[in-house]
Amino acid sequence: MSNFLIFITGGIAAYKIPTLCRLLIKAGHNVKVGMTENATKFITPLTFESLIKNRVYIDDFITDVEPDSIDHIDLIEWADKIIIAPCTANTLSKIANGIGDNLVTSAMLVVKEKPVYIFPSMNSNMYDNPIIQENISKLRRIGYTVFEPDEGELACKTEGKGRLIEPEEIFQLVTEGKFKGIKFLVTLGPTKEDIDPVRYISNWSSGKMGYKIAKYIKDNGGELFVVAGDVCLDLSVFPHVRVKSAEDMYREVISRFQNFDVLIMTAAVADYRVKDIAAKKIKKSDEILTLELIKNKDILYEVSKIKKDKQIVVGFAAETDDLMRNALDKLNKKKLDMIVVNDVSRSDIGFGADDNEVTIFLTNGEKIETGKQSKYNIAKRVVDTAYQLFKSKNE
Ligand SMILES: Cc1cc2nc3c(=O)[nH]c(=O)nc-3n(C[C@H](O)[C@H](O)[C@H](O)COP(=O)(O)O)c2cc1C
């Protein structure tokens, strides 16, 4: 069961939201409601207070109710999922431009790594306005889910796009999540290749990027399985298996791949392993110790041989030089649907860092540059792009 935070703004369709609250509560979810001052002119807070048996949050500056709380921060902390419905053109634009001048918009500035579902509702000319469309694109780019409003008769006596989606449908969209029914296989972290019983060869991958990808998929209702190298991350929140070597990872991925729709390979798999692993600890002796390495199986190349048309495979390329050429080479050779390239020579992004900056290449030649962002936000761009590819192949 989830904690749903519903923000209501000043549109005529606010009358539909009590039904949404009832549906969520009936399904066993916890609901809190925040409103803009203008929303209270359309529907009274008392309606919601009676339904959810909780106070409605409107004014951030009231301190006598719960003096020890800062509502716009505490509400976001409490929420698992945030819904804005109906979302006016005004609030949508404020959020897209970082304005926080009331409880709702201030709270939206606090959101980090939480699913946000925005349901715009407005006059169709307002909706078609290029500024509003630009703001919607901006919100989608940062990973918020902005749903298209319905078409039909509007309160302003015109016909067109702008009606708030019916509460029963909103209920389904927010409880099931956009990835419902899609199966994702995600690999993450480094592999380790034994040298002897006490030593190994590995790389600096922390698994953080893949972890955020898995989290974003889970947050949005996707089915998920994680194949993880040796990482210091709490994997208990996902179904997963831990592996050590590239060979182990190869086995786990190949045996599972056929049952998944989308494979996202963020793991940093060793290209080589030690040819003869010493049975006992190698003693210090000569000045130079030579290890003979042999090539590991290339997991993505092996996947490309069994991949079905409707499956999507996403590769990651951690490069230090000639980023683009190496990535495009990999995209073509391994028949990937998309490749995500990051520059691991920079210390502020890539291995171990909390931020990343990637370029995504698609097979149709499209190129998406993300700029530097948190790994969760990068995860949104990557997974949403893979999801679009999956939808277009499977419609
Ligand atoms: C009767 C009436 C109905 C309105 N309906 C909508 C609407 O459906 N969508 C919208 O974006 N704005 C609508 N507006 C305009 C908003 O209420 C106005 O932009 C307001 O500043 C929004 O404030 P808020 O975003 O803080 O709630 C309506 C205004 C009135 C007077």
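Structure first, text after, so check above.
Below is a short write-up of the structure. Everything quoted here is computed from the prediction, not taken from an experiment. (Residues numbered from 1 in each chain as written. Predicted model: local features only at pLDDT ≥ 70, side-chain atom pairs only at ≥ 80, totals over all residues. Heavy atoms only, no water.)

### Overview of the overall build of the chain
The helix and strand inventory of the chain stands at 13 helices and 21 strands. Counting only C-alpha atoms and orienting by the principal axes, one finds that the chain spans roughly 85 × 45 × 35 Å. A separation of at least 24 residues holds for 66% of the contacts in the chain among residues at least 6 apart in sequence. Per element, the accessible surface of the chain, about 19200 Å² overall, is 50% carbon and sulfur. On the chain, the mean spot of the 55 positive side-chain charges and the mean spot of the 57 negative ones are 4 Å from each other. (Helix = DSSP H or I, 4+ residues; strand = E, 2+ residues; numbered from the N terminus. Contact = heavy atoms within 4.5 Å. Areas by Shrake-Rupley, 256 points an atom, 1.4 Å probe, with all protein chains shown as cover. Lys, Arg positive; Asp, Glu negative; His and termini not counted. Charge placed at Lys NZ, Arg CZ, Asp CG, Glu CD.)

### Observations regarding the sheet that holds strand E5 (residues 145-146)
Strand order in this open sheet of five strands is E2-E1-E3-E4-E5, and the pairing throughout is parallel. The open sheet has two edge strands with one neighbour each: strand E2 (30-35) and E5. As paired strands, strand E1 (residues 3-8) and strand E3 (residues 81-87) are joined by four bridges and run parallel to one another. Counterpart to Phe 4 in the pairing with E3 is Lys 81. Helix H2 (residues 45-52) contacts E1 and E2 of the sheet and is inclined by roughly 170° relative to E2. Contacts from helix H3 (residues 71-78) reach E1, E2 and E3 within the one sheet, and its direction differs from that of E1 by about 135°. (Pairing = 2+ DSSP bridges. Axes fitted to C-alpha atoms, helices over the stretch in contact; angles between N-to-C directions.)

### Quick notes on the sheet that holds strand E16 (residues 312-319)
What the eight strands build is an open sheet, ordered E12-E11-E8-E13-E16-E17-E19-E20; its pairing is mixed. If you trace the sheet from one side to the other, it starts and ends with strand E12 (240-242) and strand E20 (367-369), each paired once. The mean angle between the axes of side-by-side strands here comes to 15°, regardless of whether they run parallel or antiparallel. Looking at chain direction, strand E19 (residues 358-362) and E20 are connected through three bridges and run antiparallel. Looking at E20, one finds that Ile 360 is bridged to Ile 368. Relative to the sheet, helix H9 (residues 208-219) contacts strand E8 (183-188), strand E11 (223-228), strand E13 (262-265) and E16, its axis offset from that of E8 by approximately 160°. With respect to the sheet, helix H10 (residues 246-257) is in contact with E8, E11, E12, E13 and E16, its orientation differing from that of E8 by roughly 175°.

### So, the nonpolar core
Phe 184, Ile 213, Ile 264, Val 314 and Val 382 are the most contacted members of the largest nonpolar core, which totals 36 residues. Those elements that provide at least two residues to this core are E8, H9, E11, E13, E16, strand E17 (338-343), E19 and helix H13 (375-394). In terms of residues, this core owes the most to one element, H13, which gives eight residues. (Core = buried A, V, L, I, M, F, W, Y, C linked by side-chain atoms within 4.5 Å. Buried < 20%, exposed > 50% of the residue type's maximum accessible area, 1.4 Å probe, protein only.)

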